[in-house]
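Each chain, written out:
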Amino acid sequence: MDSASLEPSLYTVKAVFILDNDGNRLLSKYYDRELYPSMKDQKNFEKNVFNKTHKADNEIAFLEGMTIVYKSSIDLFFYVVGSSQENELMLMSVLNCLFESLSQILRKNVERRCLLDNMEGVFLVVDEIIDGGVILESDPQQVLQKVNYRADENPLSEQSVAQHITKKLALTTNVLQSAKEQIKWSILK
């Protein structure tokens, strides 16, 4: 085993996906493009994971050199995938944050129909928790606050989705502007 694979990394999550009780994909995000490069590879991996976990009464599985933590609810299966050296507790904190955040958005009704009716909110939650494989947040209340969701309001509206995207674009613009300034000043020195 080479020492590079044991080095700590911010890129802890390889994939997140949600399957229904038949193993069909409802949502998936793969953060390591080299791991499963094609849609066929991804779906084959998801099928193998589902076959191994859907009848098991565990919270963790090891398959194809990956550490997989999972949770089921009514007719959904939630999965977070990391490398074989990844800390299972970190992956579990991501899974719990995802599940609790979605539970709030779906008003404790975490089932296939409700999830599909609120997919825009589901994608926002996943994007707030993980960005490019890096864990950004593991506190469900912080995630809900960032996606501008309140339990006493209606589910996420187009306006709150637009506000979220606008904030992300503004942050990206600020980072790019700062980098541009730093490059300019380093060249002028």
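As annotated in an unreviewed UniProt entry, the chain carries the name Coatomer subunit zeta and comes from Larimichthys crocea. According to the UniProt record, the Sequence similarities (unreviewed entry) comment for the chain is "Belongs to the adaptor complexes small subunit family." In UniProt, the chain has this text filed under Subunit (unreviewed entry): "Oligomeric complex that consists of at least the alpha, beta, beta', gamma, delta, epsilon and zeta subunits."

A. A look at the pairing of strand β2 (residues 25-30). With five bridges connecting them, strand β1 (residues 15-20) and β2 associate as antiparallel partners. Across the sheet, the residue bridging to Ala15 is Tyr30, located in β2. Where β1 folds back on β2, the antiparallel hairpin that results is connected by four residues, among which Gly23 adopts a positive phi of roughly 85 degrees.

B. A look at the pattern of salt bridges. The tally for this structure, following the rule as stated, stands at seven salt bridges. As a salt-bridge pair, Arg112 and Asp20 come within 3.3 Å of each other at their nearest N and O atoms. Linking Arg112 in helix α3 (residues 112-117) with Asp20 in strand β1, this pair joins segments that are 92 residues apart in sequence. Relative accessible area serves as the criterion here: at 33%, Arg112 is assigned to the partly exposed category. Asp20 sits in the buried class, given a relative accessible area of 2%.

C. Layout of unusual backbone geometry. Unusually for a residue other than glycine, Arg107 sits at a positive phi of about 55 degrees. Inspection of the secondary structure assignment puts Arg107 in the loop between α2 (88-105) and α3. A positive phi angle, near 65 degrees, is found at Lys108, a position not held by glycine. Within the secondary structure, Lys108 sits in the loop between α2 and α3. On the basis of relative accessible area, Lys108 is assigned to the exposed category, the value being 59%.

Rules used in this analysis
Residues numbered from 1 in each chain as written. Predicted model: local features only at pLDDT ≥ 70, side-chain atom pairs only at ≥ 80, totals over all residues. Heavy atoms only, no water. UniProt positions renumbered as here; feature names shortened; annotations may be inferred. Pairing = 2+ DSSP bridges. Helix = DSSP H or I, 4+ residues; strand = E, 2+ residues; numbered from the N terminus. Salt bridge = Lys/Arg side-chain N within 4 Å of Asp/Glu carboxyl O. Buried < 20%, exposed > 50% of the residue type's maximum accessible area, 1.4 Å probe, protein only.

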